[in-house]
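What follows is the residue order along each chain.
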Amino acid sequence: MVNAMTVFDDIRAATQPGYEPSVAIILDRFATFLGPDAYAGAKTEDFFDRTFVRLSEPGFNPDLRLQLVADCSSLSWWCRANLGAKGLGPLHGLVRQTLHETFREASLRMEQAYPSTLTAHAVFVGRLLGPLHSPTRGSFDYVRALACDPDNRWVVVYHAGDLTPELQAYSRARLGDAAAKVRFVSTEVNSGFLSDLLNDGACTFHFWCENAYAIQISVAALVGPTIMFTCAEVAPVQFADVYWYVQDQGHIRELWKQQGAPDAYARNYCAVESYSYNPPTPLRRRVRAELGWSNDDQVIATVGNRLSVNMDPSFIESVTGFVLSHPKARWVVVGSLPQALLSELRQTLGSRFTHVPYDTDLMSLLELCDIFASPFREGGGAAAVMGIHAGAVLLVRSDIEMSAYVPPAHRPVGVEGYVAALDTLSDPTVRKIWLAEQQALQAQMQDDDKFASELKRLTALAFERFAQRIEMSPEQLFGSMI
């Protein structure tokens, strides 16, 4: 166990502040279920490969295998550690193989594609945390688009976590009269939710920020059309009739291929032109003097929950170099940072660096900023769009997911292009032009009615694809995806 502790200690040391307890639980699971010699002599870049070897052993419990692969995914998000060139691709292939074996003899199938499927919807939204949690807010935007369609008869929302009084109030405000069509079911309180779901009758299944490894995704694919929101540049793990996001299909096809996803997944991807978004309202109005800034300072903001993972050295060097070479530039970082990095930034930038560990009124803070500097990362789109709403120009590299939220001319290529764009945006006139163009694009994309129409189109497409594959056996359906 001594050798395993070396790689485990490396992973702990690379963990984003705030996630240490969760990472400790995961590493304890690996030590318990994979055995003391699984990581003997391993380095962090060997971690996924060693895990794959052990999980691939015949007779390994399928449920435990899925849990441990999900744990690997969490580590890749929460830890700045070199976890290998192959990444999660082989492990995701093992997930699909496990699902194939699980459902090989399944008799759970629909005899035909019922038209009533088009007007009844089950939406899996993952864990609901609170109105400040962007996936939680987004889940209500998604449900609203379905519930406000007069043709839809009912929507059942399956969620983990609690539907707190605060969230109930938010739901009523966001859904309005359409709330009468919507029913919420906790998958933790109701352990028999899958049986209830199947008894509700034919419907379309939607997955919004659901656990990518949740077995209900594949159960749903056996009995109805499925639609999955994809984000954060991560290829989906399980099959859906339709995947959707705002990125163009060429970008997604190449990205998912690199991650080892089946070709069929990229063929099922659809780019949408709109989405539903309800930005938070500032709780108060701030002034720059509160944070020691003057009105003519150029304030750059970087925001995130996993910044020690997201902010790589090239990004940090790009922004600090810009601030040092522009006397009126200031950098505010919102989110937890490891003490070593925090000390380094304070020593390098002095009073021109501001750290805010957490802000419950992020919108009012962003209203004081000029540029939202996005790290070279996966995810973070909700905060970036919030920045545009608040009046901060979004600066994002062309190869990053959220580049789809800005006009093509605003997408610098590579690190050098990013630094050059920062320099260009030091001109207030250029910032004003870019902001107007970005806000105009967002006004086109953030159209509730258009998104509802697009979701209706995706539902019809999923139904059509389901009707074409309904006679496929589980072996054909899942075997073709390994």
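Everything here concerns the structure above.
Attention in this report is confined to the structure presented alongside it. Values in this document were obtained by computation on a predicted structure and should not be read as measured data.

Details of helix α4 (residues 62–78)
Part 1 of the reasoning: An ideal rise of 1.5 Å per residue puts 24 Å on 17 residues; α4 measures up with 24 Å between its terminal C-alpha atoms.
Part 2 of the reasoning: For α4, the buried fraction is high: 12 of the 17 residues fall into the buried class.
Part 3 of the reasoning: Burial in α4 covers these residues: Leu64, Arg65, Leu66, Leu68, Val69, Ala70, Asp71, Cys72, Ser73, Ser74, Leu75 and Trp78.
Part 4 of the reasoning: With a side-chain oxygen positioned 3.0 Å from the backbone nitrogen of aspartate 63, the residue opening α4 is asparagine 61.

A few points about the packing of aromatic side chains
Part 1 of the reasoning: On inspection of all chains with the given rule, the structure shows 29 aromatic pairs.
Part 2 of the reasoning: Ring geometry for tyrosine 39 and phenylalanine 47: centres 4.8 Å apart, planes at 5 degrees, overall stacked.
Part 3 of the reasoning: Tyrosine 39 gets classed as buried once you look at its relative accessible area, which sits at 1%.
Part 4 of the reasoning: Consider the rings of phenylalanine 315 and tryptophan 331, whose centres lie 6.1 Å apart with planes at 70 degrees: the pair is edge-to-face.

Digging into the sheet that holds strand β9 (residues 329–334)
Part 1 of the reasoning: Reading across the sheet, the 5 strands line up as β10-β9-β8-β11-β12 and stay open at both edges, with parallel pairing between neighbours. Both outer strands of the open sheet, β10 (353–356) and β12 (393–395), are each paired with one neighbouring strand and no more. Strand-to-strand twist in this sheet, taken as the mean axis angle between neighbours without regard to direction, amounts to 25 degrees.
Part 2 of the reasoning: In the sheet, strand β8 (residues 298–303) pairs with β9 via 6 bridges, with the strands oriented parallel. Residue alanine 301 lies in a different strand from β9, and its bridge partner there is valine 332.

Some thoughts on unusual backbone geometry
Part 1 of the reasoning: Notably, cysteine 209 is not glycine yet its phi reads approximately 55 degrees, a positive angle.
Part 2 of the reasoning: Checked against the element boundaries, cysteine 209 lands in the loop between β4 (204–207) and α9 (216–223).

Calculation rules
Residues numbered from 1 in each chain as written. Predicted model: local features only at pLDDT ≥ 70, side-chain atom pairs only at ≥ 80, totals over all residues. Heavy atoms only, no water. Helix = DSSP H or I, 4+ residues; strand = E, 2+ residues; numbered from the N terminus. Expected span 1.5 Å × (residues − 1). Buried < 20%, exposed > 50% of the residue type's maximum accessible area, 1.4 Å probe, protein only. Polar contact = N/O pair within 3.5 Å; in protein donor to acceptor, adjacent residues only side chain to side chain. Phe/Tyr/Trp six-rings, centres within 6.5 Å; stacked < 30°, edge-to-face > 60°. Pairing = 2+ DSSP bridges. Axes fitted to C-alpha atoms, helices over the stretch in contact; angles between N-to-C directions.

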